[in-house]
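Descriptive structure summary
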Amino acid sequence: MQRPLAQTCAVVLGFTCNRNFISYVKARDMPRHRRLPIVAALVSALAGIAPAAAQQPPAPGKAYRPVPIQQPAEIKDADLTALRAKVAEAARNRDRAGLAKVVAAKGFFWERDGADRAQGRPGIDVLAAALGLASKNGVGWDMLAGLADDPSAAPVQSRKNAICGPAEPRFDGKAFAALLKDTQTDAAAWGYPYAAGADVRAMPQNGAPVVDKLGLTFVRVMPEGSVNPNYMRVMTPAGKVGFVTIDALAPVGSDQLCYVKEDGAWKIGGYIGAGEP
């Protein structure tokens, strides 16, 4: 299932920066329960990378045991789809007033670091704070557009009657924990493909030789080796190191936008994650 999370989020260092690329950098540099992009982390990560690094094919790594994933299911609800379209439109237009109309009037929550940061404030104010919508660079609006564009959602244990998206894939938790232990990594070092069959290329450019293809398993992500913001450096289970297009991968543990029914209609009811500080 291909999901449209490849929209641009900011222009930094002459690159058009992709939201997924920055999310991996933030996940590595700022290990939190939930993570999404921060531009400053991207600048830091790219600052020490020499352009010549992109000219050398990466050396093979150590193979690891593949852990299969099952893609999250899309929610087949016409009313929720219509709401998400309104949210995406408001985000593209940076229309706070329009966004406020689709935010729940009561009970809005922001789960961050194990606590509710909403503290009874109006939902639109909490959402704006979580996403940094007042920032002039517009990154928060781009984050919101990406969250609204994702068609998946699922219930969450911490919030009754709420569904949140993007939903995470289904997988064997014990097998994933063993993978982290075997590779001496944490979840921030991993992603998963939106669909099987994505080409892993020897160089971060279209037309470069294909060294492997992604299956529906977790894949090791190495953002420090991605000098082209349209590509992500990865290592496949076979130990092949190469590059995939940025829109082929989803990060593990992204922030979530949550939806609730209010007076019989879907509204944005909360946010789970660190947000955009």
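Residues numbered from 1 in each chain as written. Predicted model: local features only at pLDDT ≥ 70, side-chain atom pairs only at ≥ 80, totals over all residues. Heavy atoms only, no water.

What follows covers the packing of helix H3 (residues 78–93) against helix H6 (residues 139–149). The contact between H3 and H6 brings their axes to 8 Å, and the two run at 160°. In terms of orientation, H3 and H6 fall into the roughly antiparallel class. Crossing of H3 against H6: the hand is left-handed. Side by side, H3 and H6 meet where Arg84, Val87, Ala88, Ala90 and Ala91 of the first sit next to Trp141, Leu144, Ala145, Ala148 and Asp149 of the second. For the contact of H3 with H6, the residue count by class is eight nonpolar, no polar and two charged. (Axes fitted to C-alpha atoms, helices over the stretch in contact; angles between N-to-C directions. Helix = DSSP H or I, 4+ residues; strand = E, 2+ residues; numbered from the N terminus. Parallel < 35°, antiparallel > 145°, perpendicular 65-115°, else oblique. Left-handed = near helix turned anticlockwise from the far one by under 90°. Contact = heavy atoms within 4.5 Å. Nonpolar A, V, L, I, M, F, W, Y, C, P; charged D, E, K, R; others polar.)

Let us look at helix H5 (residues 123–131). Most of H5 is tucked away: seven of the nine residues are buried. The complete set of buried residues in H5 reads Gly123, Ile124, Val126, Leu127, Ala128, Ala130 and Leu131. Each element contacted by the buried residues of H5 is listed here: helix H4 (96–100), strand E4 (109–112), H6, strand E16 (256–262) and strand E17 (265–272). (Buried < 20%, exposed > 50% of the residue type's maximum accessible area, 1.4 Å probe, protein only.)

Once that is clear, we can look at the packing of aromatic side chains. Enumeration according to the criterion identifies four aromatic pairs in this entry. Judged by centre distance (5.4 Å) and plane angle (75°), the ring pair of Phe171 and Phe176 falls under edge-to-face. Relative to Phe218, the ring of Phe171 has its centre 4.9 Å away and its plane inclined at 85°; by these criteria the two rings are edge-to-face. Linking Phe171 in strand E8 (residues 170–171) with Phe218 in the loop between strand E11 (210–213) and strand E12 (219–221), this pair joins segments that are 47 residues apart in sequence. The partly exposed category is assigned to Phe171, whose relative accessible area is 34%. Within the aromatic cluster, the residues linked to one another by ring pairs are Phe171, Phe176 and Phe218. The ring of Phe109 is capped by Arg159, whose NZ or CZ atom sits 4.2 Å from the centre of that ring. (Phe/Tyr/Trp six-rings, centres within 6.5 Å; stacked < 30°, edge-to-face > 60°. Lys NZ or Arg CZ within 6 Å of the ring centre and 35° of its normal.)

Without other data, these values stay purely geometric and don't point to any function.
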